[in-house]
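Take a look at the letters that make up each chain.
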Protein chains: 2
Amino acid sequence: MNIFKTVEIKEDILSRNNEQAKQIKADLKAKKIFFLNVMSSPGSGKTTLITNLVNRLKNDYKTGVIEADIDSDVDAHTIAEKTGVKTVQIHTAGACHLTCQMAWESLLALGLEGLDFVILENIGNLVCPAEFDTGANFNLVLLSVPEGDDKPLKYPLMFEVASAVAVTKADVAEVFDFSAEQAKRNISLRNPQAPVFITSAVNNEGIDRLEALLRASIEEVKR
Amino acid sequence: MNIFKTVEIKEDILSRNNEQAKQIKADLKAKKIFFLNVMSSPGSGKTTLITNLVNRLKNDYKTGVIEADIDSDVDAHTIAEKTGVKTVQIHTAGACHLTCQMAWESLLALGLEGLDFVILENIGNLVCPAEFDTGANFNLVLLSVPEGDDKPLKYPLMFEVASAVAVTKADVAEVFDFSAEQAKRNISLRNPQAPVFITSAVNNEGIDRLEALLRASIEEVKR
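Calculation rules
Counting restarts for each chain, with residues numbered from 1 along the sequence as it is written. Each chain takes a letter, starting from A, and each ligand takes a number, starting from 1, following the order in which they are written. pLDDT decides what is reported in this predicted model: residues at 70 or higher carry local features, side-chain atom pairs at 80 or more are listed and counted, and totals for whole chains, interfaces and linings draw on all residues regardless. Note: side-chain values were computed over all heavy atoms of the structure, leaving out hydrogens and water. A run of H or I in DSSP becomes a helix once it reaches four residues, and a run of E becomes a strand once it reaches two; helices and strands are each numbered from the N terminus. The globule rule used here is 2.2 Å times the number of residues to the 0.38 power, and the radius of gyration it is set against is calculated over C-alpha atoms. Contact definition: two residues touch when any of their heavy atoms are within 4.5 Å. Per-residue and other accessible areas follow the Shrake-Rupley method at a 1.4 Å probe size, with only the shown protein chains counted as cover for residues. In this count, Lys and Arg are taken as positive residues and Asp and Glu as negative ones, while His and the chain termini are left out. For this purpose, a charge sits on NZ of Lys, CZ of Arg, CG of Asp or CD of Glu. Buried area is a sum: the accessible area each of two parts loses on coming together, probed at 1.4 Å, counted once for each and added. Salt-bridge detection follows one rule: a side-chain nitrogen of Lys or Arg within 4 Å of a carboxyl oxygen of Asp or Glu. Note that Gly is not counted as nonpolar here; it falls among the polar residues with everything else outside the nonpolar set of Ala, Val, Leu, Ile, Met, Phe, Trp, Tyr, Cys and Pro and the charged set of Asp, Glu, Lys and Arg. Each axis is a line fitted through C-alpha atoms, taken for helices only over the stretch in contact, and angles between the N-to-C directions span 0 to 180 degrees. Convention used here: angles under 35 degrees read as roughly parallel, angles over 145 as roughly antiparallel, angles from 65 to 115 as roughly perpendicular, and any remaining angle as oblique. Helix crossings get a hand from a simple test, with the near helix turned counterclockwise from the far one by less than a right angle marking a left-handed crossing and a clockwise turn marking a right-handed one. Three labels apply to residues, based on accessible area from a 1.4 Å probe with only protein chains included: buried if under 20% of the type maximum, exposed if over 50%, partly exposed otherwise in between. Counting of polar contacts relies on pairs of N or O atoms within 3.5 Å, with two restrictions inside protein: one atom must be capable of donating a hydrogen and the other of accepting it, and residues adjacent in sequence are counted only when both atoms are side-chain atoms.

Caption draft 1: Local environment of the overall build of chain A. Along chain A, the regular secondary structure elements total eight helices and seven strands. Taken over C-alpha atoms, the radius of gyration comes to 17 Å for chain A, in line with the 17 Å a tight globule of 223 residues would show. A separation of at least 24 residues holds for 76% of the contacts in chain A among residues at least 6 apart in sequence. Approximately 9,200 Å² of chain A is accessible, and the part contributed by carbon and sulfur atoms is 51%. Measuring between centres, the 24 positive side-chain charges of chain A sit 4 Å from its 31 negative side-chain charges.

Right, dumping it as structure tokens:
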């Protein structure tokens, strides 16, 4: 197999994606829209956290949600039902990640006029989505307690591209022998700048702080 | 972006991989080696289950383990320490999956002479590894309880290529409102043939049955 040819083509796709992502960022900046990209492994709690955050922010900011999945639309239905905000579903037809072109088409499908805040729930995958800039202002990466505190060592790029990390399902840390301190150290090895939020959807631990950071970030874009 | 060109190239890579995988299967069959490929999301319990199975089988079958990771070698150290069998670590240099060429080079690094049984722990990723035939006789797919019983709906290909599915961390099913019956139904929609094992590393639930299936499969190859 000609590995080099494959790598070259991949780099070509990535560099074109990065160029397009810059244009999307400029367009969103002109429209004063804050675009949040949420990434994690499958089943880390993206949909639950997004539902919670949307319900805290939707009265102050006009919000839309993009749900990306390989197949099914269970999450889009859940979010639309539980938040009432406009939600679009995108299927990647088997692909493991979203290009910014796919993100942009979803943003257009959502309708950008009047929106302040768009959340994209990316494909559940701790590898590939990290390679593709979606055009988002902010990458929120989730690490769920049952996955283990060693994951930043094993999936470096995802934690390197994180603007912030939310450790989810913190209420079960004891059951899974998960050390928040060790997780923070491992995240810091990959990304010393990213703030880390220890959160739980069960008891709402850490969600206020995360909400405050998002409010500040949305306000920054609106200025 | 020229999507069609990308798809064509991907198909070319996949079809070459499939051709090479057939050759690997033939070589392993001639050597009477049973090659097990273990796939799942990050943190679903692959290393723990592999350690358990190796310790149950290593006295009857000469066993080797291949640990694939993007980075780090914590799992290879864990398995070597806890089982004492020969273990090799392969790093994919950022790639989200293993090609069969990489699997074959790892098999050669392990040294095939005299081996009965090789386990490959694939990259933690519920998407990409399913696309690449590693040359294995058997694909064991793990679904951990905290990920949720809806994952087979959202990550179809992984469950389609499974020879068997092990639901892991079953001891916490109640905490996560996980229905084993619903999981079985969702797996069956993707793959009616695959047997499903409900397992827990904490209380050893389901491991005897899985061990028995692997023993029968190893014996089948040795015949």
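Caption draft 2: Broad picture of the interface of chain A and chain B. Each partner contributes to the interface: chain A provides 37 residues, whereas chain B provides 37 residues. Both faces considered, chain A and chain B share a buried interface measuring about 3,100 Å² in area, 66% of it formed by carbon and sulfur atoms. Joining chain A to chain B, the criterion identifies four salt bridges. Notably, a salt bridge pairs A:D75 with B:K154, separated by 2.5 Å at the nearest N-O pair. Listing elements by their share of the side of chain A that touches chain B, those giving two or more residues are α1 (3–30), α3 (74–83) and α5 (151–154) of chain A. The greatest single-element share of the side of chain A that touches chain B, amounting to five residues, is contributed by α1(A). The residue makeup of the side of chain A that touches chain B, split by class, is 18 nonpolar, nine polar and 10 charged.

Caption draft 3: Inspection of the packing of helix α2 (residues 46–57) of chain B against helix α3 (residues 74–83) of chain B at higher detail. All names here are of chain B. Put simply, α2 and α3 touch, their axes get as near as 10 Å, and they point 25° apart. Of the possible angle classes, the one that applies to α2 and α3 is roughly parallel. Classified by chirality, the crossing of α3 by α2 is right-handed. From α2, T47, I50, T51, V54 and N55 reach across to α3, where they touch D75, T78, I79, K82 and T83.

Caption draft 4: Inspection of the environment of B:T83 at higher detail. Residue and element names in this part refer to chain B. Here T83 lies in helix α3. Assessed through its relative accessible area of 6%, T83 is described here as buried. Remark: the alpha-carbon pair of T83 and K169, spanning 86 residues in sequence, is separated by 21 Å. Residues contacting T83, with those up to four places away along its chain left out, are T51, V54, N55 and K58. A polar side-chain atom of T83 sits 2.7 Å from the main-chain carbonyl oxygen of I79.

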